Amino acid sequence: MKRILIFLTLGFSLRADFITPLFSDDFSRDEATPGKEDIGNGWTSNSAWRAKGHQQVDLIDGYMHVTKHAEADHGVAIFHAAEFQDGIVQLKFRLGEGDDLGVDFVDRELKTVHAGHLCIARVTNKAVTLTDSKTGGMDNEIRARREKGDKSPELAALLKSKTKSFKLDLKPNEWHSMNIKIVGDQMTVRIDDLEAVSFSSEGIAHPTKRMITLAVNKSADVDDVKVSKLK
């Protein structure tokens, strides 16, 4: 794929970067069979094993509508391969009251963490939260301690150091933009034209992000997804 030299704005510092587009999707298509989940363009979901095969992702009017099914035993996860170390994810989203959307960076080949979770940016209408999952709550040893009921101050302090939240005041049921940039151990996020926020933690620097996952606990609309690799 051809590399292009452009000025990277995205609401962050203005600088020149080599960017390699990995994929984009505007969801301007319909399912082959109405009522049957068929996202296409390389996307898959956990509906088959978490929602008993019920449709949770629907392509409507040129965007992706996601709703957790009543019989699902887990939030909706929508996967797409995207391999990079440093990169950018851009998308548009719309959330109702109480909704949320996570953009999760994953390496399933990494066996020291649950399901390969590395780091995640999760947005609600009230806040955006950036988390290092690899060296935080998804680390297998830490996760095992939590499942055993470990509530020690030491563990609580460790987990607190692996995440940071920033307040938002977004209008529900309106479209907003989200730009996520990962460089080294730093994740920087900008919502709409608001000031960009950043969080640094060692797990974010994991050398191979192999997949992005859109994570929805209730409902969300997503459109115009673009993923690129830096350098």
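Throughout, residues of each chain are indexed from 1 in the direction in which the sequence is written. Per-residue local features are limited, in this predicted model, to residues with pLDDT of at least 70; the limit for side-chain atom pairs, both in listing and counting, is 80 or more; totals at the level of whole chains, interfaces and linings are taken over all residues. Heavy atoms throughout the structure, all of them, feed into the side-chain values; hydrogens and water do not.

Caption draft 1: A look at the sheet that holds strand β9 (residues 117-123). A pair of strands is considered paired only if DSSP assigns at least 2 bridges between the two. Under the scheme used here, helices are H or I runs from DSSP no shorter than 4 residues and strands are E runs no shorter than 2 residues, and both carry numbers assigned from the N terminus. Pairing is antiparallel across the open sheet formed by seven strands, whose spatial order is β3-β6-β15-β8-β9-β10-β11. Edge positions in the open sheet fall to β3 (44-45) and β11 (163-167), since each of these has one partner strand only. Pairing geometry for strand β8 (residues 101-106) and strand β15 (residues 209-216), over five bridges, is antiparallel. Paired with Phe105 across the bridge in β15 is Ile212.

Caption draft 2: Focus on the layout of surface pockets. Only protein atoms enter the calculation, which uses a 1 Å grid: trapped sets of points that fit a 1.4 Å probe without letting it out are cavities, open sets showing protein on both sides within 12 Å along at least five of seven lines are pockets, and any residue with an atom within 4 Å of a point is a lining residue. Grid points are joined across faces, edges and corners, and a volume is the space filled by probe spheres set on the points. Its boundaries defined by the atoms lining it, the largest pocket holds a volume of some 590 Å³. Taken together, 25 residues make up the lining of the largest pocket; nearest its centre are His74, Asp104, His117, Met138 and Ala215. Elements that contribute at least two residues to the lining of the largest pocket include exactly α1 (47-50), β6 (76-84), β8, β9 and β15. Among the elements that take part in the lining of the largest pocket, β15 stands out by supplying four residues, more than any other.

Caption draft 3: Local environment of the packing of aromatic side chains. Side-chain rings of Phe, Tyr and Trp, where Trp is taken by its six-membered ring, are said to pair if the distance between their centres is within 6.5 Å; with planes under 30 degrees apart they count as stacked, over 60 as edge-to-face, and otherwise as tilted. Throughout the structure, instances matching the rule amount to five aromatic pairs. When the ring of Tyr63 is compared with that of Trp175, the centres are 5.5 Å apart and the planes differ by 75°; the resulting orientation is edge-to-face. With Tyr63 in strand β5 (residues 63-67) and Trp175 in strand β12 (residues 175-183), this pair connects stretches of sequence that are 112 residues apart. When its relative accessible area of 15% is taken as the criterion, Tyr63 is described as buried. Any residue under 20% of the maximum accessible area for its type is buried, any over 50% is exposed, and the rest in between are partly exposed; the area is computed with a 1.4 Å probe on protein chains only.

Caption draft 4: Fine view of unusual backbone geometry. Phi at Asp61 takes a positive value of approximately 50°, unusual for a residue other than glycine. With respect to the helices, strands and loops of the structure, Asp61 is situated in the loop between β4 (57-60) and β5. Here Asp192, not a glycine, exhibits a phi torsion of approximately 50°, which is positive. With respect to the helices and strands, the residue Asp192 is situated in the loop between β13 (186-191) and β14 (197-200).

Caption draft 5: Structural detail: the nonpolar core. Among the nonpolar cores identified, the biggest contains 46 residues, and Met64, Leu101, Phe105, Met178, Met187 and Val189 are the most heavily contacted of them. Only heavy atoms matter for contacts: two residues are in contact if any of them lie within 4.5 Å across the pair. Residue contacts for Leu101: discarding those within four places in its chain leaves Leu91, Phe93, Leu95, Ala121, Arg122, Val123, Leu214, Ala215, Val216, Ala220 and Val222. By convention a nonpolar core is built from buried Ala, Val, Leu, Ile, Met, Phe, Trp, Tyr and Cys residues, the set being connected through side-chain atoms within 4.5 Å.

Caption draft 6: How the structure looks around the pairing of strand β7 (residues 87-94). Summarising the sheet, β7 and strand β16 (residues 219-230) pair through seven bridges and their orientation is antiparallel. Bridge pairing in β16 places Phe93 opposite Val222. Relative to β12, β7 runs antiparallel, the two sharing eight bridges. Note on β12: the bridge partner recorded for Leu91 is Met178.

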